[in-house]
Amino acid sequence: MTSDSVPARERTDWYQEIIAREIAPTRLMVADSHAFRAHAAVLDLGRTRVSSFSYTALRSWRTPQLIRRSDPERYSLAFMTQSAMWISQCRNLAELGAGDAVLWDSSHPFDAGTGTVDDRGTGLVRAVIVQVPRDAVPLPSDRIDELLARRLDGRSGMGAILGSFLSALESHADGCEPRQRDQLAVTTLDLTTAFLAQQLDSYGDLPAETRARVLLERINAFIDQNLGDTALTPRAVAARHHISLRSLYLLFQQAQGESVAASIRRRRLERCRGDLARPELSGRPIHAVALRWGFSSAAGFSRAFREAYGSSPREFRRRAAADRLSHTPAPEAWPLHGSSRKRAG
């Protein structure tokens, strides 16, 4: 959804309707309706929603009257990706910049604006927002109230994991099947809950099943970030997360249906396949691509690649180049050889 096709005089009302529908009824005021621009995208995961918004200078209020008229009873957690904004709720005030996160509650009035409290700002604000039902978060509401309109760290720990997950949802979730969306909704709620619990130093109070699912996401994020390390092994993964090797094996078999070693190998092969299909990397030697993603043996990489995709790395690169010239679908979209398994999200 974009304001580009909306007449300038109607843009404020258009955006206010979107915010009312997708977040909660809110009163908006813009400094210059003719200069105002906004874009929005929403991923509906049932009771959980993930949205991305960008907008130029504005001021917004959620008043007691609006709350009495309509209240979705949801927490909204925003990750700022560009420019600055401020928000005030429950006598707290947060001034935010890129990399910060902030929580607010649709059941309490708030006041917010672009820029800082002093300068109000004119830059384009961008944010990714996750909304979860208040009654679905297994933490005491009075404790969560402590976090409302406070600047939270979105750059490290659970903030970094959740932020990366939400960014991936923005890019890839549209093609997911209903069953996969249900799983994404569960994971989104788990990671959001874990992030809030970390801020309150209450992680140990979460249900065991929530902590297990969050641990799996943390491990998956760790693996993805360290695929180029040839020392990345199941034993190293288990040690890094302070669990036994047996517990790690059970976690992966029950949740992902594959072994840890198979998961690492599959992801390394996917990264190599992607690089081999990229025209800007056509001059990079194949063994260098393999080494970049953790394969220490060129022969071992070639065997694994052929087993997974049905052709050698050299043949795949040659076919990728030919496909680009003929404008056919990119080979990176091909499924694994002999398997239709996809990893959601």
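Notes on the structure follow. All residue numbers refer to position in the chain's written sequence, counted from 1. In view of the model being predicted, local features appear only for residues whose pLDDT reaches at least 70, and side-chain atom pairs are presented and counted only at 80 or more, with totals across whole chains, interfaces and linings using the full set of residues. Heavy atoms throughout the structure, all of them, feed into the side-chain values; hydrogens and water do not.

### Considering the environment of S326
Basically, it comes down to this: Numbering goes from the N terminus for both helices and strands, where a helix is a DSSP run of H or I of at least four residues and a strand is a run of E of at least two. We call a residue buried when its accessible area falls under 20% of the maximum for its residue type, exposed when it is over 50%, and partly exposed in between, using a 1.4 Å probe and counting protein chains only.
The residue S326 is located in helix α12 (residues 313-326) in this model. Owing to a relative accessible area of 43%, S326 belongs among the partly exposed residues under this scheme. Between the C-alpha atom of S326 and that of S33, which follows or precedes it by 293 residues, the distance is 46 Å.

### Here's the deal with unusual backbone geometry
A positive phi is found at R91, a non-glycine position, where the angle reads about 65°. You can call R91 exposed: its relative accessible area is 86%. Look at D201: it is not a glycine, yet its phi comes out positive at around 55°. Secondary-structure assignment places D201 in the loop between α5 (178-199) and α6 (208-225).

### Some details on the pairing of strand β8 (residues 100-105)
Formally: Here the rule is simple: two strands pair whenever DSSP picks up at least two bridges between them.
Among the six residues in β8, six count as buried, and that is most of the element. Neither face of β8 is exposed, since D100, V102 and W104 on one face and A101, L103 and D105 on the opposite face are all buried. When strand β5 (residues 74-82) meets β8, the two strands line up antiparallel, connected through five bridges. Paired with F79 across the strands is A101, a residue of β8. Inspection of the sheet shows β8 paired to strand β11 (residues 152-153) by two bridges, in the antiparallel sense. Its bridge partner lying in β11, D100 is registered against D153.

### A word on the packing of helix α9 (residues 260-277) against α12
Rules: Every axis corresponds to a line fitted to the C-alpha atoms, with the helix fit spanning only the stretch in contact, and the corresponding angles, defined between N-to-C directions, vary from 0 to 180 degrees. If an angle is under 35 degrees, it is roughly parallel; if it is over 145, roughly antiparallel; if it lies from 65 to 115, roughly perpendicular; otherwise it is oblique. In this scheme, a crossing is called left-handed if the near helix is turned counterclockwise away from the far one by less than a right angle; it is called right-handed if the turn is clockwise. We call two residues in contact whenever any of their non-hydrogen atoms come within 4.5 Å of each other. Nonpolar residues are Ala, Val, Leu, Ile, Met, Phe, Trp, Tyr, Cys and Pro. Charged residues are Asp, Glu, Lys and Arg, and all others, Gly as well, are polar.
For the pair α9 and α12, the least separation of the axes is 8 Å and the interaxial angle reads 45°. Judged on the interaxial angle alone, α12 and α9 are oblique. When you trace α9 past α12, the crossing you get is right-handed. For the pair formed by α9 and α12, the contact residues are R273, L276 and A277 on the first element and P313, F316, R317, A320 and R324 on the second. Of the residues belonging to the contact of α9 with α12, the class tally is five nonpolar, no polar and three charged.

These figures come from the coordinates and say nothing about function on their own.
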